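# Understanding the architecture of this molecule
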Amino acid sequence: MSTIETENICGLKRADFQTTINGKQTDLYILKNSLGHEVAVTNYGGAIVAIMVPDKDGKLANVIQGHDNIQDVINSPEPFLSTLIGRYGNRIKEGKFQLNGKEYQLAINNGPNALHGGPTGFHARVWDANQVSDHAVVLKYVSSYGEEGFTGEVLVWVAYTFTDNDELVIKYQATTNKKTIINLTHHAFFSLQGIANPTPTVDNQICEMNADFYLPIDENSIPTGEILKVEGTPFDFRQPKAIGQDIDADNEQIKNGAGYDHCYVLNKKEEGELSFAARLEEPVSGRTLEVYTTEPGVQLYTDNWADGYKGQQGATFPRRSAVCFECQHFPDSPNRPYFPSVILTPEGKYTQRTVYKFGVK
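Rules and cut-offs
- Residues numbered from 1 in each chain as written.
- Predicted model: local features only at pLDDT ≥ 70, side-chain atom pairs only at ≥ 80, totals over all residues.
- Heavy atoms only, no water.
- Helix = DSSP H or I, 4+ residues; strand = E, 2+ residues; numbered from the N terminus.
- Rg over C-alpha atoms; globule rule 2.2 N^0.38 Å.
- Buried < 20%, exposed > 50% of the residue type's maximum accessible area, 1.4 Å probe, protein only.
- Contact = heavy atoms within 4.5 Å.
- Areas by Shrake-Rupley, 256 points an atom, 1.4 Å probe, with all protein chains shown as cover.
- Lys, Arg positive; Asp, Glu negative; His and termini not counted.
- Charge placed at Lys NZ, Arg CZ, Asp CG, Glu CD.
- Pairing = 2+ DSSP bridges.
- Axes fitted to C-alpha atoms, helices over the stretch in contact; angles between N-to-C directions.
- Patch = residues over 30% accessible without salt bridge, like charges linked within 9 Å, V, L, I, M, F, W, Y side chains within 5 Å.
- Salt bridge = Lys/Arg side-chain N within 4 Å of Asp/Glu carboxyl O.
- Phe/Tyr/Trp six-rings, centres within 6.5 Å; stacked < 30°, edge-to-face > 60°.
- Lys NZ or Arg CZ within 6 Å of the ring centre and 35° of its normal.
- Core = buried A, V, L, I, M, F, W, Y, C linked by side-chain atoms within 4.5 Å.
- pLDDT = per-residue confidence, 0-100.
- Polar contact = N/O pair within 3.5 Å; in protein donor to acceptor, adjacent residues only side chain to side chain.

This part covers the overall build of the protein. Scanning the protein from N- to C-terminus turns up three helices and 30 strands. The globule rule puts the C-alpha radius of gyration for 361 residues at 21 Å, and the 19 Å found for the protein is close to it. Dimensions along the principal axes, computed over C-alpha positions, put the protein at roughly 55 × 50 × 35 Å. Expressed as a percentage of the 361 residues in the protein, the buried residues total 57%. Relative to all contacts within the protein whose residues are 6 or more apart in sequence, the contacts with residues 24 or more apart total 67%. Summed over its atoms, the accessible surface of the protein is roughly 14,200 Å², and 47% of this surface lies on carbon and sulfur atoms. One finds the centroid of the 32 positive side-chain charges in the protein at a distance of 3 Å from the centroid of its 45 negative side-chain charges.

Now the structure itself:
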């Protein structure tokens, strides 16, 4: 066994993540900071498979859901489990959109909709990886013209950096050779109490969202087009409250999402600024998570469809055992001209910066 493996506090083995897919090598990359904490990433789908951070007693645990070998990552019951998402995060109604007067049809993989870039989106691709330091890895992928029905060839870079302040910083950059649409995000499934068998529910975790408005959805989880105030609804997290408090409220929007699966419109002073989006506090362990992003929205998803499937190192993932803060542009934006634009042109450059900062109370 290599020294790298024996030194991993997450207990994952590099060899278990090494295979060849369509001539490209998969591997495991361990990011360490000066505190001895770790983030483990595979270049298959950019999946994060471990985040080892301490609780209030200094005890390290893995706070992200994932798998402990490459085959389980590939064949996960949750294909988007803690992966990169593209070309288009979230849903597009019936997989259709128009660009330059031409209609495009994407793969349908979520009821009548296109979801998260389709069945072979960025989450199911082998990225070129370069570990540039102990605490940073850069992933690169060329999305070919016509992939999953999207126009234009898109070159994407994603850099993961794990700072000495226990911040996981994800920076995205993309360019295209032809006008196209893009909406990148990361679908991290956070379980701040630590993954376990079974991983505890998130009901008692205290959540705060820096958003006065949210996007209501129809029965197919597509935005209705309205932008509504959270005030007086189960979606009001402007003051911290337990996730479970209103998650099963007698409310049409809660029913449409089977819980929280909605895009929040973040309060921003200016477009594209890196600002506070959300905070989560886990009362048992004392762990906290703060989210900062340049994106206009964040999808709050409470893992409403998990069924107790198996994850890394004997952990199991029951319903509502994780929270996702998917920093992104709004769902179905190509069909809503008044939503912030998701169009990328050859003259432009897509950029995003999102920070997940771990701490203890």
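Back to the write-up after that little detour.
Here the focus is the sheet that holds strand β3 (residues 28-32). The sheet built from four strands is open, its strands ordered β3-β4-β5-β6 with antiparallel pairing. Of all strands in the sheet, those bounded by a partner on one side alone are β3 and β6 (60-62). Between one strand axis and the next, the sheet turns by 15 degrees as a mean value, whatever way the strands run. Pairing of strand β5 (residues 48-54) with β6, which is carried by three bridges, proceeds in the antiparallel orientation. Residue pairing across strands places Val 53 opposite Ala 61, the latter belonging to β6.

To continue, consider the pairing of β5. Counting buried positions along β5 yields seven of seven residues, so the element is predominantly enclosed. In the sheet, strand β4 (residues 38-42) pairs with β5 via four bridges, with the strands oriented antiparallel. By the bridge assignment for β5, Val 39 is matched with Ile 51. Hairpin connection from β4 to β5: five residues lie between these consecutive antiparallel strands, with Gly 45 at a positive phi of about 70 degrees. In this structure, the hairpin formed by β5 and β6 is closed by a connection of five residues, where Gly 58 is found at a positive phi of approximately 85 degrees.

Where nonpolar side chains cluster on the molecular surface, the patch consists of Phe 213, Ile 227 and Tyr 338 and spans about 280 Å² of accessible area. Position of Phe 213 among the secondary structure elements: in strand β19 (residues 213-215). Overall, Phe 213 belongs to the partly exposed group, its relative accessible area being 30%.

Moving on, we get to the pattern of salt bridges. Taken as a whole, this structure holds 13 salt bridges when the rule is applied. A salt bridge links Arg 125 to Glu 147; the nearest nitrogen and oxygen atoms lie 4.0 Å apart. Taken together, the positions of Arg 125 in the loop between β11 (114-115) and β12 (128-133) and Glu 147 in the loop between β13 (136-143) and β14 (154-162) put the pair 22 residues apart, joining distant regions of the chain. A residue is classified by how much of its surface remains accessible, and Glu 147, at 9% relative accessible area, is buried.

Take the packing of aromatic side chains next. Taken as a whole and judged by the stated rule, the model has 16 aromatic pairs. Relative to Tyr 356, the ring of Phe 190 has its centre 5.0 Å away and its plane inclined at 55 degrees; by these criteria the two rings are tilted. One end of the pair, Phe 190, is in the loop between β17 (185-186) and β18 (206-209); the other, Tyr 356, is in strand β30 (residues 350-360), and 166 residues separate them in sequence. Considered together, Phe 190 and Tyr 356 belong to a single accessibility category, that of buried residues. A network of ring pairs unites the aromatic residues Tyr 214, Phe 235, Phe 237, Tyr 260 and Tyr 264 as a single cluster. Lying over the aromatic face of Phe 237, Lys 241 brings its terminal NZ or CZ to 4.6 Å of the ring centre.

Next up on the list: the nonpolar core. With 57 residues, the main nonpolar core has Ile 51, Tyr 160, Tyr 264, Phe 325, Tyr 356 and Phe 358 as its most contacted residues. For this core, the element with the most residues is β14, which contributes five residues. Within the second largest apolar cluster, 14 residues are counted, among which are Ala 40, Ala 47, Met 52 and Ile 70.

Here we come to the confidence of the model for the protein. Confidence in the prediction for the protein averages 97 pLDDT; 98% of positions are at 70 or higher. For residues 1-6, every residue scores under 50 in pLDDT, and the model assigns this stretch six contacts once sequence neighbours within four places are set aside.

Quick look at unusual backbone geometry now. Each neighbour pair has its own omega, and for Gly 86 with Arg 87 the value is 0 degrees, a cis peptide bond. Within the secondary structure, Arg 87 sits in the loop between β7 (84-85) and β8 (91-92). With a phi angle near 55 degrees, Glu 94 is a residue other than glycine that sits in the positive phi range. Along the chain, the position of Glu 94 falls in the loop between β8 and β9 (96-99). On the basis of relative accessibility, which here comes to 40%, the residue Glu 94 falls in the partly exposed class. Phi angles above zero are rare outside glycine, and His 116 is one such case at about 55 degrees.

A few words now on the environment of Thr 42. Examined against the element boundaries, Thr 42 turns out to sit in strand β4. The class of Thr 42 is buried, set by a relative accessible area of 0%. Along the backbone, Thr 42 and Ile 70 are 28 residues apart, and their C-alpha atoms lie at a distance of 8.3 Å. Sequence-distant contacts of Thr 42, defined by excluding residues within four places in its chain, comprise Phe 17, Asp 27, Ala 47 and Ile 70. At 3.2 Å, the side chain of Thr 42 and the backbone nitrogen of Tyr 44 are in polar contact.

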